[in-house]
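# Understanding the architecture of this molecule
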Amino acid sequence: MAKSGQYAAASSSQQESYRQLFPDIAQAVQASLSGDQSTPIALADYGAADCLATWYLLEYISNNDPDVKIDVVINDQDSNDWDFCAENLSPFGKLNELSIMKDTLRNRQHNVELYSNPGSFTTQLLPNASIDITTSGTAFHWLSPSNLPRPGAFRFTSPSAVDRALVAAWREHSANDWRLICQSRHAELKPGGYFVAIVPCMTVHGRETYDVLMNTVFDPILDDWVEQGLLPEKERRNIFAPVHARTVAELKAGMDEYFDIVKMDEVIMANPYLEGISLDKEHDREMFAKRYIDSIFAWANTLLLNAFGG
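An account of the accompanying structure is given in this report. (Residues numbered from 1 in each chain as written. Predicted model: local features only at pLDDT ≥ 70, side-chain atom pairs only at ≥ 80, totals over all residues. Heavy atoms only, no water.)

### Quick word on the sheet that holds strand β6 (residues 189-198)
The six strands are arranged β3-β4-β2-β1-β5-β6 in an open sheet whose pairing can be described as parallel. Only two strands of the sheet have a single neighbouring strand rather than two, namely β3 (95-97) and β6. Each adjacent strand pair in this sheet contributes to an overall mean axis angle of 25°, direction not counted. Note that strand β1 (residues 41-46) and strand β5 (residues 131-137) share four bridges and pair parallel. Note on β5: the bridge partner recorded for Y46 is S136. (Pairing = 2+ DSSP bridges. Helix = DSSP H or I, 4+ residues; strand = E, 2+ residues; numbered from the N terminus. Axes fitted to C-alpha atoms, helices over the stretch in contact; angles between N-to-C directions.)

### Here we look at the pairing of β1
Burial of β1 is extensive: six of the six residues sit out of reach of the surface. Across the two faces of β1 the burial is the same, with I41, L43 and D45 and A42, A44 and Y46 all buried. Taking the sense of rotation as the criterion, the β-α-β connection linking β1, helix α4 (residues 52-64) and strand β2 (residues 70-74) turns out right-handed. (Buried < 20%, exposed > 50% of the residue type's maximum accessible area, 1.4 Å probe, protein only. Right-handed = clockwise from strand over helix to strand, strands pointing away.)

### Re unusual backbone geometry
Despite not being glycine, C51 shows a phi value in the positive range, around 70°. Along the chain, the position of C51 falls in the loop between β1 and α4. Unlike most non-glycine residues, A129 shows phi in positive territory, near 50°. Positionally, A129 belongs in the loop between β4 (112-116) and β5.

### A short note on the packing of helix α2 (residues 12-19) against α4
Two elements in contact, α2 and α4, have axes separated by 9 Å at closest approach and are oriented at 30°. Viewed along their axes, α2 and α4 adopt a mutual orientation that is roughly parallel. Viewed along their axes, α2 and α4 form a crossing whose handedness is right-handed. Residue-level contacts link Q14, Q15, Y18 and R19 of α2 to L52, A53, T54, Y56 and L57 of α4. (Parallel < 35°, antiparallel > 145°, perpendicular 65-115°, else oblique. Left-handed = near helix turned anticlockwise from the far one by under 90°. Contact = heavy atoms within 4.5 Å.)

### Looking at the environment of F22
Along the chain, F22 turns up in helix α3 (residues 22-33). Each C-alpha atom of the pair F22 and V196 lies 9.5 Å from the other, and the pair is 174 residues apart in sequence. Among residues more than four places away in sequence, those in contact with F22 are A53, Y56, L57 and Y60.

### Re the environment of G254
Tracing the sequence through the fold places G254 in helix α10 (residues 248-256). On the basis of relative accessible area, G254 is assigned to the buried category, the value being 11%. Along the backbone, G254 and L180 are 74 residues apart, and their C-alpha atoms lie at a distance of 8.5 Å. Each residue touching G254, except ones within four places of it in the same chain, is listed here: W178 and C182.

### A few points about the packing of aromatic side chains
Per the stated rule, a full pass over the model turns up 14 aromatic pairs. Ring geometry for F121 and F140: centres 4.9 Å apart, planes at 85°, overall edge-to-face. Placement of F121 in the loop between β4 and β5 and of F140 in the loop between β5 and α7 (164-188) is noted, with a sequence separation of 19 residues between them. Residues F121 and F140 agree in their burial class; the two are buried. Members of the aromatic cluster, joined through ring pairs, are F121, F140, W178, F195 and F259. Between R19 and the ring centre of Y56, over which it is positioned, the NZ or CZ distance is 4.4 Å. (Phe/Tyr/Trp six-rings, centres within 6.5 Å; stacked < 30°, edge-to-face > 60°. Lys NZ or Arg CZ within 6 Å of the ring centre and 35° of its normal.)

### Describing the nonpolar core
Within the largest apolar cluster, 30 residues are counted, with the highest numbers of intra-cluster contacts made by I25, I61, V72, I74, L89 and L114. When contributions to this core are tallied by element, the ones reaching two or more residues are α3, β1, α4, β2, α5 (82-89), β4 and β6. Counting residues in each nonpolar core, the second largest holds 22 residues, with M101, F140, W178 and F195 among its members. (Core = buried A, V, L, I, M, F, W, Y, C linked by side-chain atoms within 4.5 Å.)

### Focus: the state of the cysteines
For the structure on display, the rule yields one disulfide. A disulfide bridge connects C51 with C85, and the sulfur atoms are separated by 2.1 Å. Because the sign of the S-S torsion sets the handedness, a value of about -55° for the bond joining C51 and C85 places this disulfide among the left-handed ones. Linking C51 in the loop between β1 and α4 with C85 in helix α5, this pair joins segments that are 34 residues apart in sequence. Residue C51 shares its accessibility class with C85, and that shared class is buried. (Disulfide = S-S within 2.5 Å.)

### Some thoughts on the pattern of salt bridges
For the structure shown, the criterion picks out eleven salt bridges. Where D24 meets K263, a salt bridge forms, and the shortest distance between an N and an O atom there is 3.0 Å. A residue pair is termed long-range when its members are at least 10 positions apart, and D24 in helix α3 and K263 in the loop between α10 and α11 (282-307) qualify at 239 residues. Salt-bridge contacts for R171 lead to E250; the nearest nitrogen and oxygen are separated by 3.6 Å. Pair noted here: R171 is in helix α7 and E250 is in helix α10, with a separation of 79 residues, a long-range link. (Salt bridge = Lys/Arg side-chain N within 4 Å of Asp/Glu carboxyl O.)

Structure follows, in structure tokens:
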């Protein structure tokens, strides 16, 4: 994620997406209590970035049940801006290291206790049968590191990724990642636990987030720069986002082995960056463009800097 809160300020789409899950997560919390509010619920939030959306989730849960006790385990990469994550969550208390969780359970200070848990979510990061609810907001489409060659396009699903064998290899890598995510979350969940996540997907009509921007604007501009000699081919190939918007069928295939799927919906959301915008007004069009571009650079800035050696 971007440093200094840039992601939190610009990620309206991530926040609005995650809010779609709040009623289901709150329902899972109540179901996990089983009439016993003395034992805390254990909730793991994967790919939480700067935790602003996690803060909104905890606010929703607390408003729904002020007395619920919940241990929240926050996951993202080691390189995450953990200081800013702690700052966003500070109204609920201190973000502790996971290693002290047992001590906190014995000497509980607050209804909500917070723990950081860095690492790759394609691996098991918590003990077997230790979590009541696993959740994630728009993170599981990011792929694990791979030695596969880059496809020469911003995403391997882009029309300009013409090496079909390489595209197939990236698809296989993505399928394996999703299988590992499901396997790992299943191992961590208690029997009867809940896996509640929102994942960017490919619609039945072949549409995905940012597809028009990346396929008809971003990739063509970069290819044109290479043709004009403005951008070396090597650097062009380095500009690659390791993400995959899987189809609902691909998501279901990974889950079927590990979960009883209770509900699986494809939701097409309204564009939050258009809120309060009238596109027939020049000032509003400029405002939309700023919001939209800021949202992209919030997650892509580091990726682009690395590609250009910055």
